Amino acid sequence: MSSSVSSGVAKSSGRDAGTKSAPGPILLLGAPGVGKGTQAKELVKIWHIPQISTGDLLRSNVAHSTKLGQVAKEIMDRGDLVPDSLVNEMVAARLLEPDTARGFILDGFPRTLGQAGWLDGRLAAQADALPVVAVRIQVDYNQLLRRITGRRNCPVCQAIYNIYLNPPKKDGICDVEGAALIQRADDTEEVFKERIHSYSTLTAPVVDHYRALGRFAEVDGDRPIAAVAAGVISAVEGLRNWA
Ligand code: AP5
Ligand code: MG
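To keep things clear, this report deals only with the structure shown in the data block. Small disclaimer: the values here were computed from a predicted structure and weren't measured. (Residues numbered from 1 in each chain as written. Chains lettered and ligands numbered in written order. Predicted model: local features only at pLDDT ≥ 70, side-chain atom pairs only at ≥ 80, totals over all residues. Heavy atoms only, no water.)

1. Quick look at the overall build of the protein chain
So, step 1. Tallying secondary structure elements over the protein chain gives nine helices and seven strands in all.
So, step 2. Taken along its principal axes, the extent of the C-alpha atoms in the protein chain is 45 × 40 × 35 Å.
So, step 3. Sequence separation of 24 or more characterises 72% of the internal contacts of the protein chain that already satisfy a separation of 6 or more.
So, step 4. With an accessible surface of roughly 11300 Å², the protein chain has 55% of that area assigned to carbon and sulfur atoms.
So, step 5. Each charge class in the protein chain can be summarised by its mean position, and for the 28 positive and 27 negative side chains these summaries are 3 Å apart. (Helix = DSSP H or I, 4+ residues; strand = E, 2+ residues; numbered from the N terminus. Contact = heavy atoms within 4.5 Å. Areas by Shrake-Rupley, 256 points an atom, 1.4 Å probe, with all protein chains shown as cover. Lys, Arg positive; Asp, Glu negative; His and termini not counted. Charge placed at Lys NZ, Arg CZ, Asp CG, Glu CD.)

2. Focus on the packing of helix H5 (residues 84-95) against helix H6 (residues 113-124)
So, step 1. Viewed as axis vectors pointing N to C, H5 and H6 meet at an angle of 30 degrees, and their least axial separation amounts to 10 Å. It follows that H5 is roughly parallel to H6 by the angle criterion. The handedness of the crossing between H5 and H6 is right-handed. When H5 is examined against H6, the residues Asp-84, Val-87, Asn-88, Val-91, Ala-92 and Leu-95 are found in contact with a partner set consisting of Gly-114, Gln-115, Trp-118, Leu-119 and Arg-122.
So, step 2. Classifying every residue of the contact of H5 with H6 by side-chain character gives six nonpolar, three polar and two charged. (Axes fitted to C-alpha atoms, helices over the stretch in contact; angles between N-to-C directions. Parallel < 35°, antiparallel > 145°, perpendicular 65-115°, else oblique. Left-handed = near helix turned anticlockwise from the far one by under 90°. Nonpolar A, V, L, I, M, F, W, Y, C, P; charged D, E, K, R; others polar.)

3. Observations concerning H6
So, step 1. Between its first and last C-alpha atoms H6 spans 16 Å; for 12 residues at 1.5 Å apiece the expected length is 16 Å, and the two agree.
So, step 2. When we look at burial in H6, the residues that qualify are Gln-115, Ala-116, Leu-119 and Leu-123. Down the axis of H6, the smallest arc covering the buried residues is 100 degrees, so these residues share one side.
So, step 3. In this structure, the buried residues of H6 make contact with strand S1 (24-29), H5, strand S3 (103-107) and helix H8 (189-213). (Expected span 1.5 Å × (residues − 1). Buried < 20%, exposed > 50% of the residue type's maximum accessible area, 1.4 Å probe, protein only. Arc of directions from axis to C-beta.)

4. Some points on the sheet that holds S1
So, step 1. Taken in spatial order, the five strands make up an open sheet running S2-S3-S1-S4-S7, and their pairing is parallel. Lying at the two open borders of the sheet, with one neighbouring strand each, are strand S2 (51-53) and strand S7 (216-220). The average undirected angle you get between the axes of adjacent strands in this sheet is 25 degrees.
So, step 2. Relative to S3, S1 runs parallel, the two being bridged by five bridges. Looking across to S3, one finds that Leu-27 is bridged to Leu-106.
So, step 3. Each of S1, strand S4 (133-138) and S7 touches helix H9 (residues 225-239); the most contacted strand, S4, lies at about 155 degrees to it. (Pairing = 2+ DSSP bridges.)

5. What about the packing of H6 against H8?
So, step 1. Relative to each other, H6 and H8 sit at 40 degrees, their axes nearing to 8 Å. Classified by the angle between their axes, H6 and H8 sit oblique to one another. Side by side, H6 and H8 meet where Leu-113, Ala-116, Leu-119 and Asp-120 of the first sit next to Leu-202, Pro-205, Val-206, His-209, Tyr-210 and Leu-213 of the second.
So, step 2. A class-by-class count of the residues in the contact of H6 with H8 yields eight nonpolar, one polar and one charged.

6. Concerning the site of ligand 1
So, step 1. Around ligand 1 lies a shell of 37 residues, among which Thr-38, Asp-80, Arg-111, Arg-151 and Arg-195 are the nearest.
So, step 2. At 2.8 Å from an oxygen atom of ligand 1 is found a main-chain nitrogen or oxygen belonging to Lys-36.
So, step 3. Val-82 places a main-chain nitrogen or oxygen 3.1 Å from a nitrogen atom of ligand 1.
So, step 4. Expressed as a share of its isolated accessible area of 1000 Å², the protein-covered part of ligand 1 is 97%.
So, step 5. Elements with a minimum of two residues in the shell around ligand 1: helix H2 (36-47), helix H3 (54-63), helix H7 (141-150), strand S6 (160-162) and H9.
So, step 6. Broken down by element, the shell around ligand 1 gets its largest block of residues, four residues, from H3.
So, step 7. Its residues assigned to classes, the shell around ligand 1 comprises 16 nonpolar, 11 polar and 10 charged. (Near = heavy atom within 4 Å. Polar contact = N/O pair within 3.5 Å; in protein donor to acceptor, adjacent residues only side chain to side chain.)

7. Things to note about the pairing of S3
So, step 1. Of all five residues making up S3, five are buried, and the element is well covered by its neighbours.
So, step 2. Neither face of S3 is open: one carries Gly-103, Ile-105 and Asp-107, the other Phe-104 and Leu-106, and all of them are buried.
So, step 3. The sheet contact formed by S2 and S3 spans three bridges and is parallel. Its bridge partner being in S3, Ile-52 is matched across the sheet by Leu-106.

8. Some details on the packing of aromatic side chains
So, step 1. Within this structure, the stated rule accounts for three aromatic pairs.
So, step 2. A centroid spacing of 5.9 Å and a plane angle of 70 degrees characterise the contact between Trp-47 and Trp-242, whose relative ring orientation is edge-to-face. Here Trp-242 lies in the segment after H9 and Trp-47 lies in helix H2, a separation of 195 residues in the sequence.
So, step 3. Of the residues examined, Trp-242 reaches a relative accessible area of 17% and is grouped as buried.
So, step 4. Ring centres of Phe-109 and Trp-118 lie 6.0 Å apart, and the angle between their planes is 80 degrees; this geometry places the pair in the edge-to-face category.
So, step 5. Judged by relative accessible area, Phe-109 falls into the buried class, the value being 1%. (Phe/Tyr/Trp six-rings, centres within 6.5 Å; stacked < 30°, edge-to-face > 60°.)

Put into structure tokens, the structure is as follows:
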């Protein structure tokens, strides 16, 4: 369902990279499981700018057992946050890649006021950078738990499924790659509770920070994926004065 819905959004919107100026930096904010990754992939298709998911980058480091991955693994398995200095350094390296020139979608970053301050400074130092626009997706707790415990991912193309809400056509198999789907190590109820705790204590102030700066919108994430995507797209367009 994810891929067919995704194409539907891109086609029905009639938008493409050529019809708008550079989208610039877009932040997707929200609790674990609200759909940041799912929606980031929709925006990538429309605006052709990269998704930068700090969770995905960290998991890749864990999978390759890099020095960062070795430090991060235990922290992620507990549901705590990886130290700002390590995450900022990882994002700094990613932002040097040329594919970020027209903009990028930050998914899961910044997650602390320290990270937000670092990002704000990094973008302010770049004369031609558009200001950040931030969209917070909201979903209630019980729905989040269902999304987290039912999530399955394709290890090859990173497509995101849900056994209850957004299942693949064939049980346990990616629609696109035919690969066996996997479950994230932190997608248990116990670790989810820790992640929610980290979100409420450390990330909620980041939401307040961007709300106070303006160029901030909230979108109801408790709707079908395509409807949420339409909401996120129109929020970004409104914040960029494209609407
Ligand atoms: P990360 O990977 O970022 O996890 P998270 O923030 O907990 O968010 P999730 O990836 O769980 O959810 P999502 O919002 O992307 O939802 P998704 O689209 O998958 O971080 C993992 C860990 O890494 C952290 O705990 C921390 O340790 C570390 N880390 C990462 N960034 C860090 C940072 N900046 N600083 C420090 N540490 C950091 O969707 C969820 C499910 O719902 C899927 O099954 C999907 O199919 C389904 N779904 C989505 N939308 C809908 C819909 N509209 N209707 C029905 N189902 C839907
Ligand atoms: Mg994610």
